[in-house]
Amino acid sequence: MDIISSLLTEHYNATIVFFATALLGLSAGLIGCFLVLRKQALISDAVTHATLPGIGIGFLLSLHFGLNDGKYLPLLLLCSAITAYLGAAAVQFITNKTRLSPDTAIASVMSFFYGLGLLLLSIIQNIDAGNKAGLNSFLLGQVSGLRIDNLILLGAVSLFVVCAVVMNFKNLRLLCFDKNYANLLGLKVKTTENILLFLMILVICTGLKTVGLIMIIALLIIPAITARLWTERSELMAALAAFFGALSCIGGVYLSSALYDLPTGSTIVLFAFALFAVSLVIRIIRGADA
Amino acid sequence: MSMDNTIAPLSVKDLSCRYTRQNNYALRDISFTAKAGTITGVLGPNGAGKSTFLKSILDLLPHEGSVKFFDGTLAKNRQKIAYIPQRSSVDWDFPVSALDVCLMGLYPRIGWLRRISKAHKEEAMHYLEQVKLQDFAHRQIGALSGGQQQRVFMARALAQQAELFLLDEPMAGVDQKTQTLLFDLFSDLKQKGKTMLIIHHNLQAASAHFDHILLLNQTLVAQGAPEQALSEDAINRAYSPIEA
Amino acid sequence: MLDQFFIIDFPALVIVTLASILCALLGSFLVLTKQAVMIDAISHSVLPGIVVGVLLSGSFSILYVMAGALTSALIAVLLVYVFQHWGKIEQGAAIGAVFTAMFAFGVLLLETQVGSRIHLDTQHVLYGALELTYWANPFEWSSMPTQIKTLAVLLIITVVFLLAFFKELRLTTFDPTYARIMGYKTYLFQITLLVLISLVAVGCFEATGSILVIALFICPAAAARMLCDQMTSQLLLSMFIGLFCAVTGYLSSALLPMWLGFDMTVNSASVIALFSGIGLIIAIIASPKYGTFAK
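Rules behind the numbers
- Residues numbered from 1 in each chain as written.
- Chains lettered and ligands numbered in written order.
- Predicted model: local features only at pLDDT ≥ 70, side-chain atom pairs only at ≥ 80, totals over all residues.
- Helix = DSSP H or I, 4+ residues; strand = E, 2+ residues; numbered from the N terminus.
- Rg over C-alpha atoms; globule rule 2.2 N^0.38 Å.
- Contact = placed C-beta atoms within 7 Å.
- Pairing = 2+ DSSP bridges.
- Axes fitted to C-alpha atoms, helices over the stretch in contact; angles between N-to-C directions.
- Parallel < 35°, antiparallel > 145°, perpendicular 65-115°, else oblique.
- Nonpolar A, V, L, I, M, F, W, Y, C, P; charged D, E, K, R; others polar.
- Buried ≥ 20, exposed ≤ 12 C-beta atoms within 10 Å, placed from the backbone.
- Arc of directions from axis to C-beta.
- Left-handed = near helix turned anticlockwise from the far one by under 90°.
- pLDDT = per-residue confidence, 0-100.
- Expected span 1.5 Å × (residues − 1).
- Bend = angle between axes of the 7 residues up to and from the residue.

Description of the overall build of chain B
A count of helical and extended segments in chain B gives 9 helices and 9 strands. Here the C-alpha atoms of chain B give a radius of gyration of 18 Å, agreeing with the 18 Å that 2.2 N^0.38 yields for 244 residues. For the C-alpha atoms alone, the extent of chain B along its principal axes is close to 55 × 40 × 40 Å. Relative to all contacts within chain B whose residues are 6 or more apart in sequence, the contacts with residues 24 or more apart total 69%.

Structure below.
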């Protein structure tokens, strides 16, 4: 009881940061697991960068409607989710309907949307209205600004993500394993793909402000490939990916506050990467013995 | 067909191949010799290691055992050896024309830092003519039919003045008419004393077109003349699941 | 007015021209070998190298920065290779893991005390600062901005390399297996291309930011890919598309807000990226042979 009360009083902010990032890491790891299994990890790169114009548009819209000095979070999140979806759709379109390969689709969509986003942000910097401070935090993240309402939002999102994944697990696994076979079995492939995309966008948009644009990509990919090194079974891999995601966030947050004032987003990513590196070394050693 | 050429274009001894860090072999103890001026068919079920076999011979995969080309190593005889890749491994959208691909066979002779001259192009056209593709020389390779694409790669091999042709599933996804056309081309080359090693998936067609058969399933199940290597017993052994 | 053009817009235009040509030429090879995401990895991974380069030299010395950036780009490529081959991880995921981690490391260096001791703005590296380059007197050779010199040297090296080994590059990119059997050292070409790409990425993004680099590398090359079926036309066309998008993009960013009556400066790097993307969109829609409405 003493610990809990001290957590709630003395370390109130730190506690919020711990739980919020851990929840984010958990849901990102879980979703990332399926992206990696589908060999589409870098789609998250394009989709994440595609959120940026949405943030600009959301800012301008909420400014127009006079909401919270331009930083009305629901509108920002909604707009960034819409442009993120457009980014994903553009990658799909280029890959399926043109002769260009998926990697080219990802790189071009990513740079186009990011350019658009930066243009909007640079226009916003010129406007004499609204509270622009903190818009940049979407790029590199800002953990220290987390409040109880962010924690509640992240909690709700993670609960939703976990439930959605558990309910659709069989379909998701089949989709990752063999899309054509899934089609043959009468599985609604398109629906399952859209569910996965929707969950990914949800995680990315809620995670943006916490750890930043680049770091959310890392949280989607690194815990998932770390889990892949430990197991071949998909249920276990999903659970492990969620675990590694949460662990990376907790470890990163702890390290960044324990050691001087390291930027939290970066520390989380590097912690996740260290977990991956250790796992890889262990796997190589075990592999050599076998 | 003269049999005086005593030097075998290809002789493989105890070839084994396993992927790194795994103990199970993908291929085991394969020995065989291809005589000059013959067509050898490599047959076997999916996953039998046919492509692995070809790639090990060409040093594209790590392997054990020895492979001898003509009188020496691969490095010494590169010019004489032509490899025609599996259809699925080629990027058919790549911006090259039939002529461009055929010209690649001449690159070693053109040499470093030299440009492709008109004479080189004419020479390449000559080889395209031999496979009856002169009218398609400037088509992008993706705009050719499956059979024409195979013939472009054959023309490249001819341009290289190869003696030994290694073909990975040239008949995959090619219609019956084109198959006949390609087999005609192969027997034509055979008349000129060239040697071919062809991975093939169709057992029925085998007897008619091949002089020698290698029946593979991770190890050499049978080899010899078609009627002998393709006995019912051998086929059953090759196509039944291997016990662990 | 004219003075201002020569001092500010002229050098920026020279940089944009050189950068777009270089990126399009090398980007074509990335697009052709289906390695477009590699530039994403490289452009993010050079960040820690740049910081270390600046730290070691004590100032923004171009040689140190280039050496640092090249080292970290090569480390990134090596890590991707190791993860792919030893960890059996798919290339995309390996790239994603490496570039985010390297970038995070770079940010970490910048944002801690290490970074505060040096004069390097995160924003500057990420979004470029074309607007900040100036050429005091364009008629005077010695005052030429270092960025222009760097890019010019890189352009000469790249063009000489491409001209000298054009046919070998065509062979090794189209059919690496055949090239290997023929005795060509395909990896040497791959490594040389990657080294050039890393150097160009740094040379450009010091001027234009890391995102514009990706747009200039990939979008014009992809647009050319939609339009033609020959290697030479691929290279030339991507060069022209890149050049056109970059120059019109820069000019729009510099002039359009003023003409429209707004008193603002917009980030020109982002407009150039946007225009490159629009160039690709037009090519995808309107290509006579491979476009959405063709056939």
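Regarding the overall build of chain A
Secondary structure assignment for chain A yields 14 helices and 0 strands. In sequence order, chain A lays out its α and β elements as α-α-α-α-α-α-α-α-α-α-α-α-α-α. The C-alpha atoms of chain A give a radius of gyration of 19 Å, which matches the 19 Å a tight globule of 290 residues would have.

Details of the pairing of strand E1 (residues 10–17) of chain B
Relative to strand E2 (residues 27–34) of chain B, E1 of chain B runs antiparallel, the two being bridged by 5 bridges. Bridging from a neighbouring strand, Leu10 of chain B pairs with Ala34 of chain B of E2 of chain B.

As for the packing of helix H9 (residues 169–177) of chain A against helix H11 (residues 189–211) of chain A
All names here are of chain A. The N-to-C vectors of H9 and H11 enclose an angle of 100 degrees; their axes lie 10 Å apart at closest approach. On the basis of their axis angle, the class for H9 and H11 is roughly perpendicular. Touching Asn171, Leu172 and Leu175 of H9 are Val189, Thr192, Glu193 and Leu196, all from H11. Across the contact of H9 with H11, the residue classes tally to 4 nonpolar, 2 polar and 1 charged.

A word on H9 of chain A
Residue and element names in this part refer to chain A. For H9, the full list of buried residues reads Leu172, Leu175 and Cys176. Angularly, the buried residues of H9 cover 95 degrees about the axis, an arc narrow enough to put them on a single face. Opposite its buried face, H9 presents the exposed residues Lys170 and Phe177, each directed more than 90 degrees away.

Points about the interface of chain A and chain C
Facing the 49 residues of chain A at the interface are 46 residues of chain C. Taken together, the elements giving at least two residues each to the side of chain A that touches chain C come down to helix H5 (73–97), helix H6 (102–126), helix H12 (213–230) and helix H14 (264–289) of chain A. No other element matches the 16 residues that H6 of chain A contributes to the side of chain A that touches chain C. Residues belonging to the side of chain A that touches chain C are distributed by class as follows: 32 nonpolar, 10 polar and 7 charged.

Considering the packing of helix H12 (residues 231–259) of chain C against helix H13 (residues 268–286) of chain C
All names here are of chain C. Packing of H12 against H13 leaves a shortest axis separation of 8 Å and a crossing angle of 135 degrees. Judged on the interaxial angle alone, H13 and H12 are oblique. Here H12 runs over H13; the crossing is right-handed. Here Ile241, Gly242, Cys245, Ala246, Thr248, Gly249, Tyr250, Ser252, Ser253 and Ala254 of H12 come into contact with H13, specifically with Ser268, Val271, Ile272, Leu274, Phe275, Ser276 and Gly279. A per-class count over the contact of H12 with H13 returns 9 nonpolar, 8 polar and no charged.

What about the confidence of the model for chain B?
Residue and element names in this part refer to chain B. Per-residue confidence for chain B averages 88 on the pLDDT scale, and 94% of its residues sit at or above 70. The spread of mean pLDDT over the elements of chain B runs between helix H7 (residues 203–209), the lowest at 79, and helix H2 (residues 98–104), the highest at 95. The complex prediction reports pTM at 0.92, with the ipTM value standing at 0.93.

Observations regarding the environment of Pro226 of chain B
Residues and elements named next belong to chain B. By secondary structure assignment, the location of Pro226 is in helix H8 (residues 226–229). C-beta crowding within 10 Å serves as the criterion here: with 17 such atoms nearby, Pro226 is assigned to the partly exposed category. Sequence spacing of Pro226 and Ala34 is 192 residues, and the spatial spacing of their C-alpha atoms is 14 Å. Excluding residues that lie within four positions of it along the chain, Pro226 makes contacts with Ala206, Ser207, Phe210 and Ile213.

Section: the environment of Ile284 of chain C
Checked against the element boundaries, Ile284 of chain C lands in helix H13. You can call Ile284 of chain C buried: it has 24 C-beta atoms within 10 Å. For the pair Ile284 of chain C and Val52 of chain C, spaced 232 residues apart in sequence, the C-alpha separation works out to 41 Å. When near neighbours in sequence (up to four residues on either side) are disregarded, Ile284 of chain C contacts Ile94 and Thr98 of chain A together with Met226, Gly291 and Thr292 of chain C.

A look at helix H2 (residues 37–57) of chain C
All names here are of chain C. With 21 residues, H2 extends 31 Å from end C-alpha to end C-alpha; this agrees with the ideal 30 Å at 1.5 Å per step. Where H2 bends most, at Leu47, the angle is about 30 degrees, and the proline Pro48 comes one to four residues later. The buried count for H2 comes to 18 of 21 residues, which makes it a mostly enclosed element. Taken from the residues just after H2, Gly58 is the one with a positive phi, measuring 80 degrees.

Some details on unusual backbone geometry
All names here are of chain B. The phi dihedral of Phe70 is positive, around 50 degrees, even though this residue is not glycine. For Phe70, a count of 20 C-beta atoms within 10 Å puts it in the buried group. Of note in this structure, Gln218 is not a glycine but carries a positive phi near 65 degrees. Examined against the element boundaries, Gln218 turns out to sit in the loop between strand E8 (212–217) and strand E9 (219–224).

Here we look at the pairing of E9 of chain B
Of the pairings in the sheet, the one linking E8 of chain B to E9 of chain B comprises 5 bridges and is antiparallel in character. Looking at E9 of chain B, one finds that Leu216 of chain B is bridged to Leu220 of chain B.

Notes on the environment of Lys121 of chain B
All names here are of chain B. Take Lys121: it is sitting in helix H4 (residues 118–130). On the basis of neighbour counts, which here come to 16 C-beta atoms within 10 Å, the residue Lys121 falls in the partly exposed class. With 21 residues separating them in the primary sequence, Lys121 and Asp100 have C-alpha atoms 8.8 Å apart. Those residues in contact with Lys121, other than ones at most four positions away along the chain, are Leu99, Leu103 and Ile116.

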